[in-house]
Amino acid sequence: MTTTNAMDAEGIEAMFKEERKRYRKGMAGAGLALLLAGCQGMGGWQAEDPLRTEPVVASLEEPNCAGDRCATVEADYLRFPDAPALSRTLEQRLFSLASGLGEDPDVSRAEDLQAFADEIFAASRQGRRDVPGLPGYQADLRAKVVSSQDAVVVVELDGYLFSGGAHGLPLTRYLVIDRETQQPLTLETMLLPGQRPAYVAALQRAHRRWLRSAQASGLSRTQWPFVVSDNAAPLDSGLSVSYQVYDLAPYALGQPELTIPYEELDGVLKPRYLP
């Protein structure tokens, strides 16, 4: 998700709402409006690529509900038609993010998009019973390919849940897929044995560089100390390490991304994950 400089919580919330309006445009109507618009190449992939993708675009509204307090679910993500198990993994992780339940990919047990939406609708109805006048829940699911390399494909997963309060909760995770095995990778599987301390040291240097940036200007280092994140993906610019809101900074600064240059990762990352 986009990081933001010098914006308050209301400004961040307005940004998220504007993004959701863009997704809803042209998608009016209750119930599932699932559009599988056919195969599309991404990142220069060929049609025969086993990791080719198809878009999944949907707009769902809480059934048997009238007024402006009805829950909605918006989806704009992708699936792998030739790798159904990988599609299931992507959905499971995305549902977990957009439910606000955390980053554990096994949290959400919803079998499909409709089942996930039903969970959100049920939670919204319960919320209105507990707090009359509570706005309807809003959940957004998004995923896009952000890098396609010889060794890996990187998908950025974005989940957003508004369940009342001052603002919603955005969560972002990388899904790094090994092209050879078609299996998700973790940071540990990309690191050479025994090199985690070197990774942490490189990440600390990246954090110190970020603290000198305009985005982090005025940030209290005592109140917002460095923490380690394993949410990492090899991109063209280097190893990108993404953080959630409140990890390194207040909500108004969004979700910071630190970049470790590849020259600092020689002998740290396995060679096949270096450009």
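Residues numbered from 1 in each chain as written. Predicted model: local features only at pLDDT ≥ 70, side-chain atom pairs only at ≥ 80, totals over all residues. Heavy atoms only, no water.

1. Focus on the overall build of the protein
Across its full length, the protein holds five helices and nine strands. The order of helices and strands in the protein, counted from the N terminus, is α-β-β-α-α-β-β-β-β-α-α-β-β-β. When burial is assessed residue by residue, the protein has 49% of its 275 residues classed as buried. Of the contacts formed within the protein by residues at least 6 apart in sequence, a portion of 60% connects residues at least 24 apart. Approximately 12,900 Å² of the protein is accessible, and the part contributed by carbon and sulfur atoms is 51%. (Helix = DSSP H or I, 4+ residues; strand = E, 2+ residues; numbered from the N terminus. Buried < 20%, exposed > 50% of the residue type's maximum accessible area, 1.4 Å probe, protein only. Contact = heavy atoms within 4.5 Å. Areas by Shrake-Rupley, 256 points an atom, 1.4 Å probe, with all protein chains shown as cover.)

2. Here we look at helix α2 (residues 84-98)
Over its 15 residues, α2 extends 21 Å from the first C-alpha to the last, a length consistent with the 21 Å expected when each residue adds 1.5 Å. Taken together, the buried positions of α2 are occupied by Leu86, Ser87, Leu90, Glu91, Gln92, Leu94, Phe95, Ser96, Leu97 and Ala98. Those residues of α2 hidden inside the fold are in contact with β2 (72-79), α3 (113-130), β3 (138-148), β4 (152-162), β5 (169-178) and β6 (184-185). (Expected span 1.5 Å × (residues − 1).)

3. Considering the confidence of the model for the protein
Do not read the predicted coordinates in detail wherever pLDDT is low. For the protein, mean pLDDT is 84; residues scoring 70 or higher make up 80% of the total. Confidence over residues 1-7 falls short of pLDDT 50; this stretch has 24 contacts with residues more than four positions distant or in other chains. Within the model, the stretch residues 19-46 combines pLDDT values under 50 with 57 contacts to residues more than four positions away or in other chains. (pLDDT = per-residue confidence, 0-100.)

4. Examining the state of the cysteines
Put plainly, a disulfide is one covalent bond tying together the sulfur atoms of two cysteines. This structure, assessed with the given rule, holds one disulfide. In this model cysteine 65 forms its disulfide with cysteine 70; the gap between the sulfur atoms is 2.1 Å. Residues cysteine 65 and cysteine 70 share a disulfide whose torsion about the S-S bond is about -95°; that sign makes it left-handed. Take cysteine 65: its relative accessible area is 25%, and that puts it in the partly exposed class. (Disulfide = S-S within 2.5 Å.)

5. Quick look at the sheet that holds β5
The six strands lie next to each other as β1-β2-β3-β4-β5-β6, forming an open sheet whose pairing is mixed. Because the sheet does not close on itself, it has two edges, and the strands there are β1 (54-61) and β6. Note that β3 and β4 share ten bridges and pair antiparallel. Considered in β4, the bridge of serine 147 is made with valine 154. Seen against the sheet, α2 touches β2, β3, β4, β5 and β6 and runs at an angle of roughly 35° to β4. Strand contacts of α3: β1, β2, β3 and β4, with the helix running at about 155° to β2, the strand carrying the most contacts. (Pairing = 2+ DSSP bridges. Axes fitted to C-alpha atoms, helices over the stretch in contact; angles between N-to-C directions.)

6. Points about the pattern of salt bridges
One pass over the full model with this rule turns up eleven salt bridges. Here aspartate 49 and arginine 179 are joined by a salt bridge, their closest N and O atoms 2.9 Å apart. With a gap of 130 residues between them, aspartate 49 in the loop between α1 (9-24) and β1 and arginine 179 in the loop between β5 and β6 connect regions that are remote in the sequence. Since its relative accessible area comes to 13%, aspartate 49 is described here as buried. Where glutamate 54 meets arginine 79, a salt bridge forms, and the shortest distance between an N and an O atom there is 2.9 Å. Linking glutamate 54 in strand β1 with arginine 79 in strand β2, this pair joins segments that are 25 residues apart in sequence. (Salt bridge = Lys/Arg side-chain N within 4 Å of Asp/Glu carboxyl O.)

7. Remarks on the side chain of serine 87
The topology assignment puts serine 87 in helix α2. The contact partners of serine 87, leaving out residues within four places of it in the chain, are Arg79 and Phe80.

8. Description of the sheet that holds strand β8 (residues 238-242)
With antiparallel pairing, three strands are arranged side by side in an open sheet as β7-β8-β9. Bordering the open sheet on either side are β7 (232-235) and β9 (257-260), each of which pairs with just one other strand. Across the sheet, the axes of successive neighbouring strands diverge by a mean angle of 30°, strand direction being ignored. Relative to β8, β7 is paired through four bridges, and the arrangement is antiparallel. Within β8, the position partnered with proline 234 by the bridge is leucine 239. The sheet strands contacting helix α5 (residues 196-211) are β7, β8 and β9, and the helix crosses β9 at an angle near 120°.

9. Section: a negative patch on the surface
A cluster of acidic side chains, namely Glu111, Asp112, Asp118 and Glu119, defines a negative patch on the protein surface. Within the element layout of this structure, aspartate 118 appears in helix α3. Exposure remark for aspartate 118: the relative accessible area of 39% places this residue in the partly exposed category. (Patch = residues over 30% accessible without salt bridge, like charges linked within 9 Å, V, L, I, M, F, W, Y side chains within 5 Å. Lys, Arg positive; Asp, Glu negative; His and termini not counted. Charge placed at Lys NZ, Arg CZ, Asp CG, Glu CD.)

10. Focus on the packing of aromatic side chains
Throughout the structure, instances matching the rule amount to two aromatic pairs. Between phenylalanine 95 and phenylalanine 116 the ring centres are 4.8 Å apart and the planes differ by 10°, which places this aromatic pair in the stacked class. Of this pair, phenylalanine 95 sits in helix α2 while phenylalanine 116 is found in helix α3, placing the two residues 21 residues apart along the sequence. Comparing phenylalanine 95 with phenylalanine 116, the two get one shared label, buried. A centroid spacing of 5.8 Å and a plane angle of 45° characterise the contact between tyrosine 246 and tyrosine 251, whose relative ring orientation is tilted. (Phe/Tyr/Trp six-rings, centres within 6.5 Å; stacked < 30°, edge-to-face > 60°.)

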